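Chain residues, written in single-letter form:
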Amino acid sequence: MTALLPEGFRDRLPPFADAAARLEAAILGAAYAHGYERTDPALAEFESGLSGRLKAARAQDAVRFVDPVSQATLAIRPDMTAQIGRIAATRMGHHPRPVRLSYAGPVLKLRASQLSPERELRQIGCELIGLDTVAAAVEIVQVAVAALEAAGVTGVSIDFTLPDLVATLAAGPLPLDAALIPQVRDRLDAKDAGGVADVAPAYLPLIEAAGPFDAAHDRLCALDAKGALTSRLDGLWRIAESVRGRVALTLDPTERHGFEYQTWLGFSIFADGVRGEIGRGGSYTIVHENGAEEAAIGFSLYADAIVAAGIGDIERKRLFVPLGTEAGIAARMRGEGWVTVAALEAGDTPEAQLCTHLLRDGVATPLG
Ligand SMILES: N[C@@H](Cc1c[nH]c[nH+]1)C(=O)O
């Protein structure tokens, strides 16, 4: 027997687990109010149904196992977006588009990532299936911002990126051998100016184009002499306008970390006081059973990162109800919003029960 958990796993204890549950309820409530209805996909599924569901997704970052019952290889979901894609393409395939779905649940990564040393993360998100237009992106970004506001998360910033930027430029104004694209992408991603200069010097200005949104957007527009990016840049501007003033905005056109399947738009979400991202999203392509492709867009938030920073925490107010107190009094106090903790034995104390108040003569009296 061992009390230890495997690397990358942890238990969530009070008050963090409660804070996470409240955060999740606030986020899902905001999503629901914007028309996103809840789906609760299976924890594990046939590996073949998950991999390849999203176009351009790399080989799965999933923990796999052979199911003794079906003898098939199953994967534990590493990301719920592909599952929502599967549901939208199959059981909800005949549903009128766009389909708006929300979800929340644990995901399991094969390896820890930059986002977190944890391998088991709780993902909460929304997906809009059937469109990846600017209007769809405006809605998704606004829902993400509204959900974070509803959850009390402050100091939010959104960093936009254009995941298919290199491929778009390579096919147009800045021709590049297809074989070199991955290399140029990696070097741009690493902000390795020397490396980019060696392989594709024409791409160097892209490194400089990262920073606060307006200035970065201007620099990209200046680079776009041949107009290959005009529609993307205009769209990006409209998306940013829709949340301006509510969140800080930056643009890093060549950021690729974590955007393996996103298409024209990607974004990372940050919050003051939280190390790393608290969420990510973007447009992507779902592959149907018959090979047909469908556009979609969405976002996922990571609850643990937000809770760890203390956001989503509320003041703990617990009222100690001494032994022998009439049940009706405690019920009345709960009705007034108190958390009541009843003594069950004579020796019990408010301190032992982490109480902040004591019920004395029917009145909540602060302790210490
Ligand atoms: N599921 C993706 C983010 C996303 C949702 N929809 C589209 N992209 C992630 O967690 O990285």
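Criteria and thresholds
- Residues numbered from 1 in each chain as written.
- Predicted model: local features only at pLDDT ≥ 70, side-chain atom pairs only at ≥ 80, totals over all residues.
- Heavy atoms only, no water.
- Helix = DSSP H or I, 4+ residues; strand = E, 2+ residues; numbered from the N terminus.
- Buried < 20%, exposed > 50% of the residue type's maximum accessible area, 1.4 Å probe, protein only.
- Contact = heavy atoms within 4.5 Å.
- Areas by Shrake-Rupley, 256 points an atom, 1.4 Å probe, with all protein chains shown as cover.
- Lys, Arg positive; Asp, Glu negative; His and termini not counted.
- Charge placed at Lys NZ, Arg CZ, Asp CG, Glu CD.
- Near = heavy atom within 4 Å.
- Polar contact = N/O pair within 3.5 Å; in protein donor to acceptor, adjacent residues only side chain to side chain.
- 1 Å grid on protein atoms, 1.4 Å probe; cavity = no way out; pocket = protein on both sides within 12 Å on 5 of 7 lines; lining within 4 Å.
- Sits in = over half its atoms within 2 Å of the grid points.
- Nonpolar A, V, L, I, M, F, W, Y, C, P; charged D, E, K, R; others polar.
- Core = buried A, V, L, I, M, F, W, Y, C linked by side-chain atoms within 4.5 Å.
- Axes fitted to C-alpha atoms, helices over the stretch in contact; angles between N-to-C directions.
- Parallel < 35°, antiparallel > 145°, perpendicular 65-115°, else oblique.
- Left-handed = near helix turned anticlockwise from the far one by under 90°.
- Points joined across faces, edges and corners; volume = space filled by probe spheres on them.
- Phe/Tyr/Trp six-rings, centres within 6.5 Å; stacked < 30°, edge-to-face > 60°.
- Lys NZ or Arg CZ within 6 Å of the ring centre and 35° of its normal.

Asks: Give me the overall build of the protein chain: which residues, what numbers.
Replies: A tally of regular secondary structure across the protein chain gives twelve helices and 16 strands. Dimensions along the principal axes, computed over C-alpha positions, put the protein chain at roughly 80 × 55 × 45 Å. Within the span of the protein chain, comprising 368 residues, buried residues form 47% of the whole. Of the contacts formed within the protein chain by residues at least 6 apart in sequence, a portion of 66% connects residues at least 24 apart. Accessible surface, the protein chain as shown: approximately 17600 Å² in total, 55% of it carbon and sulfur. On the protein chain, the mean spot of the 35 positive side-chain charges and the mean spot of the 47 negative ones are 2 Å from each other.

Asks: Provide a residue-level description of the site of the ligand, including the pertinent values.
Replies: Taken together, the neighbourhood of the ligand is formed by 14 residues, with D79, T81, R280, S300 and Y302 sitting nearest. Between the ligand and E127 there is a distance of 2.9 Å, counted from a nitrogen atom to a side-chain nitrogen or oxygen. Within the side chain of S300, one N or O atom sits 2.9 Å away from a nitrogen atom of the ligand. Mapping the ligand onto the cavity grids shows that it belongs to the largest pocket. Listed by contribution, the elements that provide at least two residues to the shell around the ligand are β6 (120–129), β11 (279–287) and β12 (293–302). A per-class count over the shell around the ligand returns four nonpolar, seven polar and three charged.

Asks: So, the nonpolar core: which residues are in play, and what are the values?
Replies: What tends to happen in soluble globular proteins is that the nonpolar side chains get buried as a cluster. Counting residues in each nonpolar core, the largest one holds 68 residues, and the members touching the most others are V153, F160, Y203, I239, L265 and F267. For this core, the element with the highest residue contribution is helix α4 (residues 134–150), accounting for eleven residues.

Asks: Lay out the packing of helix α1 (residues 16–33) against α4 in plain terms, naming residues and giving numbers.
Replies: Two numbers describe a pair of packed helices, the interaxial angle and the distance between the axes. α4 packs onto α1 with a crossing angle of 140° between their chain directions and a minimal axis gap of 8 Å. By the angle between their directions, the pair α1 and α4 is classed as oblique. Judged by the sense of rotation from one axis to the other, the crossing of α1 with α4 is right-handed. Counted together, A26, I27, A30 and A31 of α1 and V143, A146, A147 and A150 of α4 form the full contact between these two elements. Of the residues contributing to the contact of α1 with α4, the split by class is eight nonpolar, no polar and no charged.

Asks: An account of the layout of surface pockets is requested, with residue identities and associated values reported.
Replies: When its volume is computed, the largest pocket comes out at roughly 1200 Å³. Lining of the largest pocket is provided by 48 residues; of these, R58, G258, F259, E260 and Y261 occupy positions nearest its centre. Counting residues per element, the ones that place at least two in the lining of the largest pocket are α3 (80–89), β6, α6 (181–189), β11 and β12. The greatest single-element share of the lining of the largest pocket, amounting to five residues, is contributed by β11. Residues that form the lining of the largest pocket fall into these classes: 18 nonpolar, 14 polar and 16 charged.

Asks: Tell me about the packing of aromatic side chains, and please be specific about residues and values.
Replies: Taken as a whole and assessed by the stated rule, the structure comprises four aromatic pairs. Measuring from ring centre to ring centre gives 5.9 Å for F160 and F213, while their planes differ by 70°; the resulting arrangement is edge-to-face. On the criterion of sequence distance, the pair formed by F160 in strand β7 (residues 156–161) and F213 in helix α9 (residues 213–223) is long-range, its members being 53 residues apart. Measuring from ring centre to ring centre gives 5.8 Å for Y261 and Y284, while their planes differ by 75°; the resulting arrangement is edge-to-face. Here the residue Y261 occupies a position in the loop between β9 (248–251) and β10 (266–271), and Y284 occupies one in strand β11, the gap between them amounting to 23 residues. Note on Y284: relative accessible area 1%, which makes it buried. Counting every residue linked through ring pairs, the aromatic cluster contains F160, F213, W237 and F267. Lying across the ring of W237, R244 places its NZ or CZ 5.1 Å from the centre. A cation over a ring is seen here: K317 above W338, with NZ or CZ 4.9 Å from the ring centre.

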